[in-house]
Amino acid sequence: MIATFLIQDGVTNGAIYALLGLALVLLFSVTRVIFIPQGEFVAYGALTLALLDGGKVPATTSLLVCFGAVAFLFDLWSMRRGTDVRTFLRSLALNLVLPGVIYGITIVLAPLGLPSVAKALLTILIITPMGVYVYRIAYRPLADASVLVLLIASVGVHLAMMGLGLVFFGAEGLRAEPLADDNYTIGALMVSAQNLCIYGATIAIIVGLYMFFERTLLGKALRATAVNRLGARLVGVRTHLTGVTAFTLAAAIGAVSGVLIGPITTIYYDTGFLIGLKGFVAAIIGGLASFPITAIAAIGVGLVESFSSFFASSYKEVIVFGLIIPVLIWLSLSGGFHEEE
Amino acid sequence: MKIERLLPGLAGIVLLAIIPLLPVPPFWLTILNNIGLASLVTIGLVLLTGVGGLTSFGQAAFCGFGAYTTAVLSTNYGLSPWLTLPLSLIVGAATALPLGLITVRLSGHFLPLGTIAWGLALYYLFGKIDLLGRYDGISGIPPIEFAGYRFMSDGSIYYLIWFFVIAVAIGAKNLLDSRIGRGIRALRGGGQAAEAFGVNIVRAKLTVFVFAGVVAALSGWLYAHMQRSVNPTPFGLGMGIEYLLMAVVGGSGHVWGAIFGASIVLIMKDVLQRFLPDLIGTTANLEMVVFGILLVVILQLARDGLWPFVLKLLPKRPGRSLPTSDDRLAKRTLAPAGSSLIKVEKARKAFGGLVAVNDVSFEVRAGQVVGLIGPNGAGKSTTFNLITGLASLTSGSVFYEGRPMTGDSPREVAKHGIARTFQHAKILPDMSVLENVALGAHLRGSAGVFRSFLRLERRQEATLLAEAAVQLERVGLGAYRDRPAGDLALGQIRILEIARALSADPAVLLLDEPAAGLRHGEKQELANLLKKLREEGVSVLLVEHDMGFVMGLVDHLVVLDFGTLIAEGKPADVRKHPAVVAAYLGGVA
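Chemist: Hey, could you run me through the confidence of the model for chain A in this one?
Modeler: Interpretation of the predicted coordinates at a detailed level should be avoided for regions scoring low in pLDDT. When pLDDT is averaged across chain A, the result is 86; 98% of the residues are at 70 or more. The low-confidence segment residues 336-341 of chain A (pLDDT under 50) makes 13 contacts with residues lying over four places distant or belonging to another chain.

If you want it as C-alpha cells, here you go:
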C-alpha cells in the first residue's frame, strides 16, 4: 500500500521533471544554452496561479512589462544605426504592446474569480513571453559564445530571476488551488484529478513536441539548427528565430509545469531552482541530447526521490543530487560524449 | 631592469602590509580578510576557467572540506592547526581527484553541471552529519598559533591570510609560466595540438582541477581558524556561484585579476547590503539580482573581465629578455640514412560502407622527403590521421622503426619522435610565438607541477625556451619571437607550426597540407624552408594536393586516389604515370 502511494507520488513528480528535462534538452540542442533558470519559470508559474486564486493581480505581470521594456531597449540599441519601419514596429509590438495587452487583460480578469482552467491559461499567457525577452536580453548578445560562457551566463540569469522572484513575491510560500478537486479510486489506488491532469498534460506536451518536430517546418528548422548551426544558417534558417522559438517553448513548458505543481506543493521563490535541477539530473542522464531517455530518467528521478523521502528523508536531496555522480561515471566510461568544440 | 618589473607588485605588498597599521575602520579589515579568503578560491577558478577552459560552481564545497577537516581534528582530537593544514589540503585534493576523473573525459559542460549537483548534495550532507555538528556546525575551533603568538584578531590573521594569497598567486603565475603551464593553457584551444606534442591533456585538466580544489581547501582551513567556528552556510552552492562571479569579473585569464574580482564583488556586496534595503525599502537580499545582472553584463561586454582595463592603466612592464642557457637539450640519435622510419602496411579505414583508405602501403626512410599526394577526397588526410593516431585503423598496421605503433594515441606517437603540423593550423593565439614553439619541446623537459610552482625548474625552462628560439631562427621567424602568435599571417603561422614541430627534435616531420591557402610568395618561402630542412637531413612526410609544390621538393612520391594507391616512385616517373594523369586531369582511366 505504501509502495503504491510512493510510486504514484514519484511518477507524479517525475512527470513534472520530465517536462523540465525535455525543455532543457530542447534548449541545449537548439541554442547550446544550458538553461539553469528553467526552474524559475516553474516558480513564477506556480506563484502566479496562486495569486490569481486569491483574486490578486500577480506581480509577474509587472515583471513581464519590465522585461519587455528592457528587451525593447536592447532592440533600440541594436537599431541605433538606422532601421526600417517594419523592424521597429515589430519590435514595438512584441516588446511593448504584447506585455501591455497581457497586463490589461490580467487587471480586468484577475478580480473576477475565473474558473480554474481559465486561471491556468492566463498564467501560461503571462509567463510564456518571458522566454522571448530572456533570450533577447541575456542570450542573443552572446550567440557566438562558447557553451561554457553561456552556462555561466545562465547562472547569472538564474540569480537575477530568483532574486526578482523574492522581490516581487516575497519570502512566503504559496499554494495554488487544484485545477480539479475530485478523487478517483482505481482498484486499491486513489488518484486525484490533479494528478490525472499532470499525467495528461505531460503526455500531451510530449506528443505535441513530437508533432512539432516531425510535422512542421519550424520544428524541422529547430532540428536542423540542433544538428548543425552553420549548415542550417546556410540553407536559410534564421538561427535567431529558432532561438526565440526554443526559449518560448521552454518558458511555456515551465509555466505549464508551474501550474501543475503549484497545487500539490507549497512553492517559494527559490523552490523552482531545486525542481529545475531535478529536471537537469534527468537531462544529464539523457546526455543533454536524448528526449526519450530524459523522459524515462525523469520518472526514475521522481521515484528515487519519493522512496528516499520515505526511507531516508533527511538525506533526500543528497541522494537525488548524488545520483548524478554514478551517471557521470557511466557516461564517462561509455565514452560517447567527447569534446567537440 | 629586474627591479622595474617587480615594482608594481612590491608597491602592492607594501600597501597591504601597512593597511592594518593605519587608523582604518575595523570592518575594513574584516572585508579585506574575506577578500583574501575568496581570492584564494578565485585564483584556483581562474586557472580552471580562464586558463584551462573548464569550470566549477562547487568550489565552496572544497572550502567546506578544508574547513570541516581542521574543525573536527582540532576540536575533537586536539590536533594543532599546523598539523591539520596538510590534512585539509589532502582532503581537498582527494575529493577533487575522483570528481575530476569522472568528468574530464566528458565534454566541458559536464564538469560544471556535475559540480552544481555535487555542491548542493554536499551542502545538505554537511548539514546532516552528526560528526560535523549538523546545521549548527562546530564551534570552539582553536586559533592558529605561531611561536607562542596566537592569531586571534582580525588585524593579525590578516597577515597570515594575505601571506597565503600572495604565495599562491605567485605560485600560480609560476605554474602558468612553465612547461606544465603551457600544456594547461593549451587546453582552451581544444588541446589537440598539445596532445600531438606529448602533453597529457587529461592529466593537465586534472592538475588544474585538483589545484583549484586544494587552494579552496586552504581557504577553508584559514576560514575555520579565523571564524573559530564553521557551519554549512558558507559552503553552499550560492557561495560557489559567487566565487565564479569573482573570477569572471576579475578576468578569467588573469591570476591578479582574481584578487581584483574578489575585491570588487565583496566590496559591492557590502555596499549593497548596507544601502539597498534603505533605498528600496525591503530587507530581501537584493544583491542577488545585481550580481546576476552583473555576471551577464560582464560576459556580454567584457568577456575577459575587468582586469585587462586595469592593466592598461598600470605602467607598461618592460618585455622579458630571453633567458640564456649554457645547457643544450639532449638530441635524439637519428636512425642511419636509408633505414625504415615509418612503414604503413595495408592500412585500411572504413567509415561504415565507405572505404576512405583502401589497403595502402608505403614507407618513409630516414633522410627522405616523401610526398603523399592525390586530388581532394583521395584519403590523404585520413592516412595521415592513421599514422598520427587521431584515427584508428580498420585493418592493417603502421610501424615505426620496425616496431608496431598501431593503436598508439597521438601522445604516444609524439613520444616515438614523430612531430606534425596541422592542415587547419592549431596555434594558441594569445601565447607568444616563442611559447607556441616551446610547446613543441614539451617532451624534452621533465619538470613537474611542484617544481614549476616553486620555480625550481628555471634552468630547464631556460634551456627549453632557448631551444625554441633556435628553431624560430632556423625557420626565419626570429623577429616575431615576443609577438602574440595570433598576430601572424597564415603563411607565417604555417611556418610557426613547422618550428614548433622542429623543437620536438623529431626523427620525422609530418606536414599536413602546409601550402593550402597560401599565396604564391608564401609558398615560395615555405618551399625554400623545406629545401633547407632537407639539406639538413630532416626526414619528412608531406601531404599535399598541389602537384607543382611537391615536385621539386620530394625524393619519393606516393599518389592516392579514392583511397587507393595508384602510383609510387620518383617524382619525374610518377608525373608521367597514366593513372596519375587521369586522376589529376580527368580522362579515360
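Chemist: Could you clarify how one ought to interpret the sheet that holds strand E5 (residues 340-351) of chain B in this entry?
Modeler: Consider a sheet: its strands pair through backbone hydrogen bonds, and that pairing is either parallel or antiparallel. Residues and elements named next belong to chain B. Here we have four strands laid out as an open sheet, ordered E6-E5-E8-E9, and antiparallel in their pairing. Both edges of this open sheet fall to strand E6 (354-365) and strand E9 (403-404), since each of them pairs with a single strand only. Of the strand pairs in this sheet, strand E8 (residues 395-400) and E9 are connected by two bridges, and their pairing is antiparallel. Following the sheet pairing, Phe399 is matched in E9 by Pro404. Contacting E5, E6 and E8, helix H14 (residues 380-388) crosses the sheet at an angle of about 120 degrees to E5.

Chemist: What is the right way to read the domain arrangement of chain B from this model?
Modeler: How big an interface is tends to be stated in terms of the accessible area lost upon association of its parts. All names here are of chain B. By domain assignment, chain B separates into domain 1 (2-239) and domain 2 (340-585). One C-alpha centre belongs to domain 1, the other to domain 2, and the line joining them spans 42 Å. Contact with domain 1, which involves 22 residues of that partner, is made by 27 residues of domain 2. Elements that contribute at least two residues to the side of domain 1 that touches domain 2 include exactly helix H6 (154-176), helix H7 (179-185) and helix H8 (192-196). Here the side of domain 1 that touches domain 2 is composed, by residue class, of eight nonpolar, ten polar and four charged.

Chemist: Explain the pairing of strand E11 (residues 508-512) of chain B to me, please; I cannot follow it from the model alone.
Modeler: As a general feature of sheets, a regular strand has side chains that alternate between the two faces. Residue and element names in this part refer to chain B. With five of five residues buried, E11 is to be regarded as a mostly interior element. As judged from the three bridges shared by strand E10 (residues 418-420) and E11, these two strands associate in the parallel manner. By the bridge assignment, Ile418 is partnered in E11 with Val508. Pairing of E11 with strand E12 (residues 539-544), which is carried by five bridges, proceeds in the parallel orientation. Bridge pairing in E12 places Leu510 opposite Leu541. For the segment spanning E11, helix H20 (residues 520-535) and E12, crossover handedness is right-handed.

Chemist: Any chance you could explain the sheet that holds E11 of chain B here in plain terms?
Modeler: Residues and elements named next belong to chain B. Reading across from one edge, E10-E11-E12-E7-E13-E14 is the order of the six strands in this open sheet, with mixed pairing throughout. Of all the strands in the sheet, the pair left with one neighbour each is E10 and strand E14 (564-569). Direction aside, neighbouring strands of the sheet carry axes that sit 20 degrees apart on average. The pairing of strand E7 (residues 369-373) with E12 spans five bridges and is classified as parallel. When the bridges of E12 are listed, Val370 appears paired with Leu541.

Chemist: Sorry, what's going on with the environment of Thr239 of chain A here?
Modeler: You can see Thr239 of chain A is positioned in helix H10 (residues 239-261). Beyond its immediate chain neighbours, meaning those up to four positions away, Thr239 of chain A contacts Thr225, Arg229, Ala232 and Arg233 of chain A.

What counts, and where the lines are drawn
- Residues numbered from 1 in each chain as written.
- Chains lettered and ligands numbered in written order.
- Predicted model: local features only at pLDDT ≥ 70, side-chain atom pairs only at ≥ 80, totals over all residues.
- pLDDT = per-residue confidence, 0-100.
- Contact = placed C-beta atoms within 7 Å.
- Pairing = 2+ DSSP bridges.
- Helix = DSSP H or I, 4+ residues; strand = E, 2+ residues; numbered from the N terminus.
- Axes fitted to C-alpha atoms, helices over the stretch in contact; angles between N-to-C directions.
- Domains from an automatic or database assignment.
- Nonpolar A, V, L, I, M, F, W, Y, C, P; charged D, E, K, R; others polar.
- Buried ≥ 20, exposed ≤ 12 C-beta atoms within 10 Å, placed from the backbone.
- Right-handed = clockwise from strand over helix to strand, strands pointing away.

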